[in-house]
Number of protein chains: 2
Amino acid sequence: MKYSPLFWPIGLKGSSIYILDETALPQKIKYIKARNYQQAAKAIRQMKTRAVGQVLLVFYALLLSLRKKVPLKKVARVLNAARPTLPFKVLTDMVLDWQKQGLPLEKCILGFLNTLRQKRIRQAEQAAALINDGDCILTHCNVSGLMPLIGEFCRRQNKKISFYVTETRPYLQGMRLTAWELQRSGFAVTVICDNMVAEVMFEGKIDKVIVGADHMSQNGDIANKIGTYQIAILAKAFNIPFYVLCPPPSRLKCGSQIKIEVRPDKELLEFGGKRIAPAGVKGYYPAFDVTPAGFITKHIYLELSR
Amino acid sequence: MKYSPLFWPIGLKGSSIYILDETALPQKIKYIKARNYQQAAKAIRQMKTRAVGQVLLVFYALLLSLRKKVPLKKVARVLNAARPTLPFKVLTDMVLDWQKQGLPLEKCILGFLNTLRQKRIRQAEQAAALINDGDCILTHCNVSGLMPLIGEFCRRQNKKISFYVTETRPYLQGMRLTAWELQRSGFAVTVICDNMVAEVMFEGKIDKVIVGADHMSQNGDIANKIGTYQIAILAKAFNIPFYVLCPPPSRLKCGSQIKIEVRPDKELLEFGGKRIAPAGVKGYYPAFDVTPAGFITKHIYLELSR
């Protein structure tokens, strides 16, 4: 099985964490180094890595801090505060619990990461089982290497599939990351702007929607990259199945309790560091939205506890 | 009453047509010259002007050709072919009819343009009557100066209003044109990405949607900038009124007969002449979509015949 570099974008070698710089893709495949937890938190805040990359970075930052004998409670506090919508606290609490119980921490963390890897592969396999020969799948943003993996499983089952990807403004993760990883894995992929979703659905081009999620509450509501919610509403309007590759549930009861991160408006008013909007005009950039469970045809769970 | 430069972006002086270059806004307010109908058609194809600007340019190109004694049938053929979704033929046929009837052509064309100007102002006034004090209006793309004019009428009626504008990828007409003309007219305007519509509606930020239309068929279906259809579906889902500033109806019976222009994918895969998409990835760029009449709370007609 081949994996996208985005499937496992973080590594730990010696006393440095290597972070695939997702903001430089697809023009450059470069890794940046974080030598301590503060640099790791900064990379999260600057969106150098996202989605699963952030989860991995939290664990590797804890592991590195453990080896450097930095108090993990302090590390956890800084990491938890990096981005409000992401339930990092669930992860850091788990590690702090292991510590409290006197478990072998390094072994626990590495074991957890290994399980995560296996279960993510299993998640892609489960998604592939929902796909029919000839299906065209619409996706949004980037699901950290899972889309090409779903494609690989389909290929093994002799199902020919293709993809439409929204460009995903303002960071263009769909165009820069998902289209890139699908293309290099040999799948047919077409990029559309975020405002073309209803049109391609109306034209009958889309058979299934598959997206990821950054946060799932107890009731199955999910927070994912801004734009997911409206794709779910459109999928329902056009009777197209809407599948979500979910993370483990957080402790929150429902989606309305998930805090939505509002990022600086210059991230949408500028492009490549140059202002494109008229002077004085302001923008609004909620980075995520919440899709109620009722819009989700099927949750594809990450079964870490099994 | 103050008018946006986009309200009447074309002029004819001597033997040159002056075209406000909408691709240069908001950084530069510059006018390009067209000295004949071929250059006028080229400006339409290159989207230097759009919406009402294209309609005006068709008339000014016919007027200039008339003065230069170029056969108008030939001119009409070239203009009609410039962009497939726009019903230029209705306009050029009207002028050819006047010619056939032996009417004073120059006087007819100038009279028509004057009526168009008056009726567009009336259209903005009718839209303003639908707005309540405190309303926040979401719009998409650019309606050629009508949004600030609606704002001016509201101001006269002591109604305080504000605007949200989708950036409108890939040409960013919402961010570059609409936000610009609203801002310089003194209205509060916030730009969002095209994928944030459901979220701002969910947050209760939007009271009304008002968009324009490039084509209206006999049954009231409209073709407008790509993205309009999905905003209409979302407005319905959130119970928000969806108003359309319409052009006169074409001869087509319904929206499914409107030919949708598909533009070169490099217009979305490049930004500022530089490729942003991964090498080898293709895009799909339908420039318009059709919103069925059933999604339109109220058509605001341009009553040219009255």
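Owing to the predicted nature of the structure, the values given are computational and were not obtained by experimental measurement.

*Asks:* I'd love a proper account of the overall build of chain A, names of residues and values included.
*Replies:* Looking only at helices and strands, chain A has 10 helices and 15 strands in total. At 19 Å, chain A has a C-alpha radius of gyration in line with the 19 Å of a compact globule built from 306 residues. The principal-axis extents of the C-alpha atoms in chain A amount to approximately 60 × 55 × 40 Å. Long-range pairs, those at least 24 residues apart, make up 76% of the contacts in chain A with a sequence separation of at least 6. Summing over all exposed atoms, chain A offers an accessible surface of approximately 12,000 Å²; the carbon and sulfur share of this is 51%. Computed over 45 positive and 23 negative side-chain charges, the separation of the two mean positions in chain A equals 9 Å.

*Asks:* How would you sum up the packing of aromatic side chains? Please name residues and give values.
*Replies:* Tallying each qualifying case throughout the model produces 17 aromatic pairs over all chains. With 5.9 Å between their ring centres and 85 degrees between their planes, Tyr 229 of chain A and Phe 202 of chain B make a pair best called edge-to-face. Here Tyr 229 of chain A is found in helix H9 (residues 228-237), whereas its partner Phe 202 of chain B is found in helix H8 (residues 197-202) on a different chain. Exposure remark for Phe 202 of chain B: the relative accessible area of 52% places this residue in the exposed category.

*Asks:* Go over helix H7 (residues 173-184) of chain B with me, naming the residues and quoting the values.
*Replies:* All names here are of chain B. Given a rise of 1.5 Å per residue, 12 residues ought to cover 16 Å, and the 16 Å separating the end C-alpha atoms of H7 matches this to within 8%. The buried fraction of H7 is high, at 10 of 12 residues. Residues of H7 that are buried include every one of Gln 173, Gly 174, Met 175, Arg 176, Leu 177, Thr 178, Ala 179, Trp 180, Glu 181 and Leu 182, and no others. Looking one or two residues beyond H7, the residue adopting positive phi is Gly 186, at roughly 85 degrees.

*Asks:* Residue-level account of the pattern of salt bridges, with values.
*Replies:* Charged atoms that come close allow side chains of opposite charge to pair. Throughout the structure, instances matching the rule amount to 28 salt bridges over all chains. Note that Glu 267 of chain B is salt-bridged to Arg 263 of chain B, the shortest N-O span being 2.8 Å. With respect to class, Glu 267 of chain B is no different from Arg 263 of chain B; both count as buried. Because the salt bridges share partners, they merge into one network encompassing Arg 83, Glu 261, Arg 263 and Glu 267 of chain A.

*Asks:* Summarise the relation of the copies chain A and chain B; cite the residues concerned and give the values.
*Replies:* The two copies are related by a screw motion: chain A maps onto chain B through a turn of 180 degrees and a shift of 0.0 Å along the axis, at an RMSD of 0.0 Å. Interpreted geometrically, this transformation is the action of a two-fold axis. Considering only C-alpha atoms, the part of chain A nearest the rotation axis is Asp 194 of chain A, at 2.9 Å. Taken together, the interface assignments show that 100% of the residues at the interface of chain A recur at the interface of chain B, consistent with an identical surface on both copies.

*Asks:* Tell me about the sheet that holds strand S14 (residues 288-291) of chain B, and please be specific about residues and values.
*Replies:* Hydrogen bonding along the main chain pairs the strands of a sheet, whether they run parallel or antiparallel. Residues and elements named next belong to chain B. Spatially, three strands are ordered S8-S9-S14 in an open sheet, and the strand pairing comes out antiparallel. Only two strands of the sheet have a single neighbouring strand rather than two, namely strand S8 (215-216) and S14. Taken together, the four bridges between strand S9 (residues 222-225) and S14 define a ladder with antiparallel strand orientation. By the bridge assignment, Ala 223 is partnered in S14 with Val 290. Contacting S9 and S14, helix H9 (residues 228-237) crosses the sheet at an angle of about 35 degrees to S14.

*Asks:* An account of the pairing of strand S7 (residues 208-212) of chain B is needed here, citing residue identities and associated values.
*Replies:* Residues and elements named next belong to chain B. For S7, the tally of buried residues reaches five of five residues, placing the bulk of the element in the interior. Of the two faces of S7, the one lined by Lys 208, Ile 210 and Gly 212 and the one lined by Val 209 and Val 211 are each fully buried. Where strand S4 (residues 136-139) meets S7, two bridges bridge the pair, whose relative direction is parallel. Bridged to Leu 138 within S7 is Val 209.

*Asks:* Any chance you could break down the sheet that holds strand S9 (residues 222-225) of chain A for me, citing the residues and the numbers?
*Replies:* All names here are of chain A. With antiparallel pairing, the three strands of this open sheet are ordered in space as S8-S9-S14. If you trace the sheet from one side to the other, it starts and ends with strand S8 (215-216) and strand S14 (288-291), each paired once. Here two bridges tie S8 to S9, and the two strands are oriented antiparallel to one another. When the bridges of S9 are listed, His 215 appears paired with Ala 223.

*Asks:* Outline the domain arrangement of chain A, listing residues and values.
*Replies:* Residues and elements named next belong to chain A. Along its sequence, chain A is organised into domain 1 (10-118) and domain 2 (123-300). With 18 residues of domain 1 at the interface, the matching set in domain 2 holds 24 residues. Both faces combined, the contact of domain 1 with domain 2 buries some 1,800 Å², and carbon together with sulfur accounts for 58% of it. For the domain 1 face of the interface with domain 2, the top three residues by lost area are Met 47, Arg 50 and Thr 85, together amounting to 34%. Here domain 1 is connected to domain 2 by two salt bridges. Here Arg 83 makes a salt bridge to Glu 261, at a shortest N to O gap of 2.8 Å. The interface formed by domain 1 and domain 2 contains 10 residue pairs in polar contact (both at pLDDT 80 or more). Of the residues contributing to the side of domain 1 that touches domain 2, the split by class is 11 nonpolar, two polar and five charged.

*Asks:* Tell me about a positive patch on the surface, residues and numbers included.
*Replies:* Residues and elements named next belong to chain A. On the surface, Lys 73, Lys 74, Arg 77 and Lys 100 cluster together into a patch of positive charge. For the positive patch, the leading source of residues is helix H3 (residues 72-80), giving three residues. Within the fold, Lys 100 resides in helix H4 (residues 88-100). When its relative accessible area of 73% is taken as the criterion, Lys 100 is described as exposed.

*Asks:* Explain the packing of helix H1 (residues 37-45) of chain B against helix H2 (residues 52-67) of chain B to me, and be specific about the residues and the numbers.
*Replies:* All names here are of chain B. Relative to each other, H1 and H2 sit at 170 degrees, their axes nearing to 9 Å. Considering their axes alone, H1 and H2 lie roughly antiparallel with respect to each other. Contact residues: Tyr 37, Ala 40, Ala 43 and Ile 44 in H1; Gln 54, Leu 57, Val 58, Ala 61 and Ser 65 in H2. Along the lines of polarity and charge, the residues of the contact of H1 with H2 split into seven nonpolar, two polar and no charged.

*Asks:* Before we move on, can you summarise the confidence of the model for chain A with the specific residues and values?
*Replies:* Averaged over chain A, the pLDDT score is 96; the fraction of residues at 70 or greater is 99%. We note a pTM of 0.95 for the whole complex and an ipTM of 0.94 for its interfaces.

*Asks:* Quick rundown of the nonpolar core? Include the residues and the values.
*Replies:* Grouped burial of nonpolar side chains is what soluble globular proteins tend to show. One finds Ile 17, Ile 150, Met 201 and Val 209 of chain A together with Ile 17, Met 201 and Val 209 of chain B to be the most contacted residues of the largest nonpolar core, which totals 212 residues. Not counting residues within four places of it along the chain, the set of residues in contact with Ile 17 of chain A comprises Ile 10, Gly 11, Leu 12, Ile 32, Lys 33, Ala 34, Leu 57, Tyr 60, Ala 61 and Leu 64 of chain A.

*Asks:* Give me the interface of chain A and chain B: which residues, what numbers.
*Replies:* Between chain A and chain B, the residue contacts involve 55 residues of the former and 55 residues of the latter. Interface area, chain A with chain B, both sides summed: about 4,200 Å², of which 66% is carbon and sulfur. Of all residues in chain A, Asn 195, Gln 230 and Tyr 284 of chain A bury the most surface against chain B, accounting for 17% of the area lost on that side. The closest approach of N and O atoms between Glu 167 of chain A and Arg 169 of chain B, which form a salt bridge, is 2.6 Å. In this structure, the connection of chain A to chain B is made through 22 residue pairs in polar contact (both at pLDDT 80 or more). If you list the elements that add at least two residues to the side of chain A that touches chain B, you get helix H7 (173-184), strand S6 (188-192), helix H8 (197-202), H9, helix H10 (266-269), strand S13 (282-283) and S14 of chain A. In terms of residue class, the side of chain A that touches chain B is made up of 35 nonpolar, 10 polar and 10 charged. Relative to strand S6 (residues 189-192) of chain B, S13 of chain A runs parallel, the two sharing two bridges. Each residue of the ladder has a partner; that of Lys 282 of chain A, found in S6 of chain B, is Thr 190 of chain B.

Calculation criteria
Residues numbered from 1 in each chain as written. Chains lettered and ligands numbered in written order. Predicted model: local features only at pLDDT ≥ 70, side-chain atom pairs only at ≥ 80, totals over all residues. Heavy atoms only, no water. Helix = DSSP H or I, 4+ residues; strand = E, 2+ residues; numbered from the N terminus. Rg over C-alpha atoms; globule rule 2.2 N^0.38 Å. Contact = heavy atoms within 4.5 Å. Areas by Shrake-Rupley, 256 points an atom, 1.4 Å probe, with all protein chains shown as cover. Lys, Arg positive; Asp, Glu negative; His and termini not counted. Charge placed at Lys NZ, Arg CZ, Asp CG, Glu CD. Phe/Tyr/Trp six-rings, centres within 6.5 Å; stacked < 30°, edge-to-face > 60°. Buried < 20%, exposed > 50% of the residue type's maximum accessible area, 1.4 Å probe, protein only. Expected span 1.5 Å × (residues − 1). Salt bridge = Lys/Arg side-chain N within 4 Å of Asp/Glu carboxyl O. Least-squares fit on C-alpha atoms with pLDDT ≥ 70 in both. Pairing = 2+ DSSP bridges. Axes fitted to C-alpha atoms, helices over the stretch in contact; angles between N-to-C directions. Domains from an automatic or database assignment. Buried area = accessible area lost by both parts, 1.4 Å probe. Polar contact = N/O pair within 3.5 Å; in protein donor to acceptor, adjacent residues only side chain to side chain. Nonpolar A, V, L, I, M, F, W, Y, C, P; charged D, E, K, R; others polar. Patch = residues over 30% accessible without salt bridge, like charges linked within 9 Å, V, L, I, M, F, W, Y side chains within 5 Å. Parallel < 35°, antiparallel > 145°, perpendicular 65-115°, else oblique. pLDDT = per-residue confidence, 0-100. Core = buried A, V, L, I, M, F, W, Y, C linked by side-chain atoms within 4.5 Å.

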